[in-house]
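Structural description and commentary
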Amino acid sequence: MKNLAERSAGSLYWWLLATLFLPIAIPGLVLKLLTMMKEQRNARHLNGKVVLITGASSGLGEALAHSFFLAGCKVVLAARRKDELERVRKDLLELHATVPTHPPIILPLDLSDLNSIGGKVQSVLEIHGAIDILVNNGGISVRGDALSTAIDVDIRIMLVNYFGSVALTKACLPSMMARKEGRIVSISSVQGKFAIPHRSAYSASKHAMQAFCDSLRAEVAKDNIKVTLISPGYINTALSLNALTGTGASYGKMDAATAGGASPQDTASSILKAIARDEKDIMLAPIAPRAAYWLRHLMPSVYFWIMKKRAEKLNFT
């Protein structure tokens, strides 16, 4: 009798558990399954797409070139340093892909030369006939407090990080709208969601890109053009080495936070997954930046106090 009672109690326990949690768990599992199916379907559709990537000569841009190339895309490598683009192209051609691949095209491009951007896009259209995905990844950073940062440096950061990407986006849009198909991917930063001391120019350029993408997304939806904004945390690239100081000189140091950041390869893989899931705005960052983002909006006074203490340390990292 005791064993029977124990078995009955156990059965009742599992019945109650199923009754309470299955109505919650099943919809979640179904949604996850549908998301995975959509992701796999869209990932397959990347094959043969023309992808223009700025800042493709190193770091995240180079990693994105590898990821898109291995997905079977027709990759266009854009950056200022032609020799480094040649190196990336050579590396891609030596990869052993599991899908049919296409020889990458090199596009020397200076985002600060706004007047040349239209012609550069036209040259790609003449070769491939379309640009399916534009990845606005090129940019520079700065290390310096707002007061001592020369206005020329502020202008240069905005010119490359914001106006250059906007000009390139506007040059690509007409052909996308005519075809009723396309995607704009902009690599922003968590510092486009909230600002930290000694990054005023960089954060401002990323805040501007956030606003531009939010407006653009709504405007081009009717033309079946997607806009994806990616906001990564620190990535282990040469961004801080290539950063400018407030005077415009090269910063030339590897920040500890940057050195300890995510790998470019893992970040690139996550970006391709975000595209396959048709994400509109996504943060790719650990818990601390995510907490700072919510703190800025939910408890701003606490956030302001923390940032004041950070600024007092005079630590550019």
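First, a word on what this report is: a plain description of the structure on this page.

A few words now on the environment of Ala 79. One can find Ala 79 in strand S2 (residues 74-79). The class for Ala 79 is buried, based on a relative accessible area of 7%. Expressed as a C-alpha distance, the spacing of Ala 79 and Gly 61, which sit 18 residues apart in the sequence, is 9.3 Å. Apart from the residues lying within four places of it in its own chain, the contact partners of Ala 79 are Gly 55, Ala 56, Ser 57, Leu 85, Leu 107, Pro 108 and Leu 109.

Here the focus is the packing of aromatic side chains. Taken as a whole and assessed by the stated rule, the structure comprises five aromatic pairs. Between Tyr 162 and Phe 212 the ring centres are 6.3 Å apart and the planes differ by 90°, which places this aromatic pair in the edge-to-face class. Taken as a pair, Tyr 162 in helix H5 (residues 151-179) and Phe 212 in helix H6 (residues 200-220) lie far apart in primary sequence, 50 residues in all. Side by side, Tyr 162 and Phe 212 carry an identical accessibility label, which is buried. Clustering of aromatic rings is evident, with ring pairs tying together Tyr 162, Phe 163 and Phe 212.

Moving on: the layout of surface pockets. Estimated volume of the second largest pocket: approximately 360 Å³. What lines the second largest pocket is a set of 14 residues, and nearest its centre among them are His 45, Lys 49, Glu 181, Arg 183 and Lys 226. Elements that contribute at least two residues to the lining of the second largest pocket include exactly strand S6 (182-187) and helix H8 (264-276). When the residues that make up the lining of the second largest pocket are grouped by side-chain class, the tally is four nonpolar, four polar and six charged.

Further remarks concern empty space enclosed by the protein. Inspection of the entire model under this criterion finds one cavity of 30 Å³ or more. Only H5, S6 and H6 provide two or more residues apiece to the lining of the largest cavity. In terms of residue class, the lining of the largest cavity is made up of two nonpolar, six polar and one charged.

Contact geometry for helix H9 (residues 287-298) and helix H10 (residues 300-312): axes closest at 5 Å, N-to-C directions at 125°. Overall, the two elements H9 and H10 adopt an arrangement that is oblique. Side by side, H9 and H10 meet where Ala 292, Leu 295, Arg 296, His 297 and Leu 298 of the first sit next to Pro 300, Val 302, Tyr 303, Phe 304 and Ile 306 of the second. Tallied by class, the residues present in the contact of H9 with H10 amount to eight nonpolar, one polar and one charged.

Core analysis: the biggest nonpolar cluster contains 38 residues, and Leu 52, Ile 131, Leu 168 and Cys 172 have the highest contact counts within it. Among the secondary structure elements, those contributing two or more residues to this core are strand S1 (50-54), S2, strand S3 (105-108), helix H4 (114-128), H5, H6 and strand S7 (225-232). Per-element accounting of this core gives the leading share, nine residues, to H5. Setting aside chain neighbours within four positions, we find Leu 52 in contact with Val 76, Ala 78, Leu 107, Ile 131, Ile 133, Leu 134, Val 135, Leu 168 and Cys 172. With 31 residues, the next largest nonpolar core counts Leu 46, Ala 63, Ile 133 and Val 185 among its residues.

Pairing in this open sheet of seven strands is parallel, and the strands run S3-S2-S1-S4-S6-S7-S9 from one edge to the other. The open sheet has two edge strands with one neighbour each: S3 and strand S9 (281-284). Across this sheet, the average inter-strand angle for adjacent strands is 15°, counted without regard to direction. Each of S6, S7 and S9 is contacted by H8, which is oriented at about 160° to S9, the strand it contacts most.

Rules used in this analysis
- Residues numbered from 1 in each chain as written.
- Predicted model: local features only at pLDDT ≥ 70, side-chain atom pairs only at ≥ 80, totals over all residues.
- Heavy atoms only, no water.
- Helix = DSSP H or I, 4+ residues; strand = E, 2+ residues; numbered from the N terminus.
- Buried < 20%, exposed > 50% of the residue type's maximum accessible area, 1.4 Å probe, protein only.
- Contact = heavy atoms within 4.5 Å.
- Phe/Tyr/Trp six-rings, centres within 6.5 Å; stacked < 30°, edge-to-face > 60°.
- 1 Å grid on protein atoms, 1.4 Å probe; cavity = no way out; pocket = protein on both sides within 12 Å on 5 of 7 lines; lining within 4 Å.
- Points joined across faces, edges and corners; volume = space filled by probe spheres on them.
- Nonpolar A, V, L, I, M, F, W, Y, C, P; charged D, E, K, R; others polar.
- Axes fitted to C-alpha atoms, helices over the stretch in contact; angles between N-to-C directions.
- Parallel < 35°, antiparallel > 145°, perpendicular 65-115°, else oblique.
- Core = buried A, V, L, I, M, F, W, Y, C linked by side-chain atoms within 4.5 Å.
- Pairing = 2+ DSSP bridges.

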